[in-house]
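# Overview (structure and organization)
Listed below are the residues making up each chain.
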Amino acid sequence: MGKQQDQNTTDAAAQAAATKEKEATYLVIGAGTAGLSFIDSLLTLDANATVILVDRNSQPGGHWTKSYPFVRLHQASCNYGVNSLPLSNIRDKKGNERFSVNDLATGQEIKDYYKVVVEQFRECGRVHLYFNCEYSKDDSGYHFVTNIDTNEVTRVSCKKVVVVHTNLLVPSMRNGPPFPIDSSINSAPLNELPTHVASKQYKKYVVIGAGKTGSDAITYLLRNGVDQSAITWITSRDIWYFVRDGLWGGYKNYRKDTVKLVDPLVKCKSLYEVFLQYEKDGIMARLDTSTIPEVFKGATIDKSELAGFKSIKNVVRLGRVTSITSDEIKLEKGTVPLPAPPADTLFVDCMADLDGTVSVCGSTNKSY
């Protein structure tokens, strides 16, 4: 009962504190890739639609705003972004984007791109932007937007609410790894890796994570002079990697090459056989050929990166890390000793936490 009373008090306070009112057809929560793409298509398909866009970050781009400095797209730039504005700088004579297997936009290029996208939204006059703001809804179905810095509250009237956000925590958003770690251990999020490598303070690196972030960390270390013998890679599970230059040779053969993705789906009797055929054709890869990965999240690499991964001899496959003490790494399926001496070792946090995902498109409880 106490919690309900507190909530009612909070809702009432929000209504009382609302100093502004705003109305739109759509209220969109989340200015990441999905939210911006939705708005872009909406403005094209519905000439009368108006939008209020809310995001807790100070700029558009979602997780890109927290990305590590050397991040790049894993897919061709022409396949990313919104429909109304090309991301790729590679164009044909008519100005249309052209596919290039090596055209991988940097994180900064993507952040700059999305700033242009939202400025176009602003200039069209049908989109109102609320950055540095949190969204809330009371028990009566009223919608509120609260500025994080000023606490200014705006009550929003709309016909539809579109929530496109994830509770994704990338390493740079956490205060340390998501498990107990001894105070004597040196650890850092991936965002800080370039600084540490340049300082040459550490002689050994332990990379925790095998997804896109972990694989980027391995590639960065190898391409910046760190020998494979100085790297330990902790992977909670093996995954399939998509090999971009194993599938696509270039723009002229794009359609022909893509057929290699479809044929096994038609001819093979199971997904197991499909992925093995993909591997045989050079368009999928795994690090350990003695086991069949059960996970494919779309992590995309090239042949040179794959060769680098396979050069790493010290790969730990004992599940997720549960804690790091002063002398050992504890995992779900066992323990391994710390590299000696521990003071010369940096643990690189490449783990992403997804506490819950919300992706809802529906009518509000009230129409105004």
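Each value, and the rule that gives it
- Residues numbered from 1 in each chain as written.
- Predicted model: local features only at pLDDT ≥ 70, side-chain atom pairs only at ≥ 80, totals over all residues.
- Heavy atoms only, no water.
- Helix = DSSP H or I, 4+ residues; strand = E, 2+ residues; numbered from the N terminus.
- Buried < 20%, exposed > 50% of the residue type's maximum accessible area, 1.4 Å probe, protein only.
- Contact = heavy atoms within 4.5 Å.
- Areas by Shrake-Rupley, 256 points an atom, 1.4 Å probe, with all protein chains shown as cover.
- pLDDT = per-residue confidence, 0-100.
- Phe/Tyr/Trp six-rings, centres within 6.5 Å; stacked < 30°, edge-to-face > 60°.
- Pairing = 2+ DSSP bridges.
- Axes fitted to C-alpha atoms, helices over the stretch in contact; angles between N-to-C directions.
- Left-handed = near helix turned anticlockwise from the far one by under 90°.
- Core = buried A, V, L, I, M, F, W, Y, C linked by side-chain atoms within 4.5 Å.

Here we come to the overall build of the chain. Scanning the chain for helices and strands turns up 9 helices and 18 strands. Within the chain, buried positions represent 45% of all 368 residues. Across the chain, contacts joining residues at least 24 apart in sequence account for 70% of those joining residues at least 6 apart. A total of about 19,400 Å² of accessible surface is found on the chain, and carbon and sulfur atoms cover 48% of it.

Low-pLDDT stretches of the model should not have their predicted coordinates read in fine detail. Across the chain, the average pLDDT comes to 88, with 89% of residues at 70 or higher. Low confidence marks residues 355-368, where pLDDT is under 50. Its contacts with residues over four positions away, or in another chain, come to 34 contacts.

Given two aromatic rings, one states the distance between the centres and the angle between the planes to describe the pair. As enumerated under the stated definition, the model contains 14 aromatic pairs in all. Ring centres 4.9 Å apart and planes at 55° place the aromatic pair Y68 and F70 in the tilted group. Taking the centre distance of 4.6 Å and the plane angle of 50° together, the rings of F99 and Y254 count as tilted. Taken together, the residues span a long stretch of sequence, with F99 in the loop between β2 (51-55) and α3 (107-124) and Y254 in helix α7 (residues 254-267) at a distance of 155 residues. Ring pairing ties together the aromatic residues F99, F242, W248 and Y254, which thus form one cluster.

Two pairing modes exist for strands in a sheet, parallel and antiparallel, and in both the strands are linked by backbone hydrogen bonds. Spatially, 3 strands are ordered β14-β15-β16 in an open sheet, and the strand pairing comes out antiparallel. Edge positions in the sheet fall to β14 (321-324) and β16 (334-337), since each of these pairs with one other strand and no more. Each strand of the sheet is rotated relative to its neighbour by a mean of 20°, with strand direction disregarded. For β14 and strand β15 (residues 328-331), the ladder comprises 3 bridges, and the chain directions are antiparallel. When the bridges of β15 are listed, V321 appears paired with L331.

What follows covers the side chain of N57. Within the fold, N57 resides in the loop between β2 and α3. Beyond its immediate chain neighbours, meaning those up to four positions away, N57 contacts G62, T65, K66, F131 and N132.

Bringing the packing of α7 against helix α8 (residues 271-280) into the picture now. Contact pair α7 / α8: the axes reach a minimum separation of 9 Å and the direction vectors enclose 145°. Our pair here, α7 against α8, has a crossing hand that is right-handed. In this structure, α7 contributes K260, L261, P264 and L265 to the contact, and α8 contributes V274, Q277 and Y278.

Moving on: the pairing of β15. Here β15 shows a clear split, with I329 and L331 buried on one side and none of E328 and K330 buried on the other. Here β14 folds back onto β15, and the loop between the two strands holds 3 residues. One ladder, built from 4 bridges, connects β15 with β16; its direction is antiparallel. Note on β16: the bridge partner recorded for I329 is V336. Linking β15 to β16, which pair antiparallel, is a turn of 2 residues.

Moving on, we get to the nonpolar core. The biggest cluster of nonpolar side chains holds 61 residues, and the ones touching the most others in it are Y114, L193, Y205 and W233. In terms of residues, this core owes the most to one element, α3, which gives 6 residues. Once you skip the residues sitting within four places of it in the chain, L193 turns out to touch F70, Y205, A217, Y220, L221, L346 and V348.

So, on to the packing of helix α2 (residues 33-45) against α3. Following both chains from N to C, one finds α2 and α3 inclined at 35°, their axes separated by 11 Å at the closest point. Our pair here, α2 against α3, has a crossing hand that is left-handed. Only Y114, V118, F121 and C124 of α3 make contact with α2, whose side of the interface consists of T33, L36, I39, D40 and L43.

To continue, consider the sheet that holds strand β9 (residues 231-234). Across the sheet, 5 strands lie side by side as β7-β17-β8-β9-β13; this open sheet has parallel pairing. The strands lining the two open edges of the sheet, one partner per strand, are β7 (187-189) and β13 (314-316). Neighbour to neighbour, the strand axes of the sheet diverge by 20° on average, direction disregarded. When β9 meets β13, the two strands line up parallel, connected through 3 bridges. Across the sheet, residue T232 finds its bridge partner in β13, namely N314.

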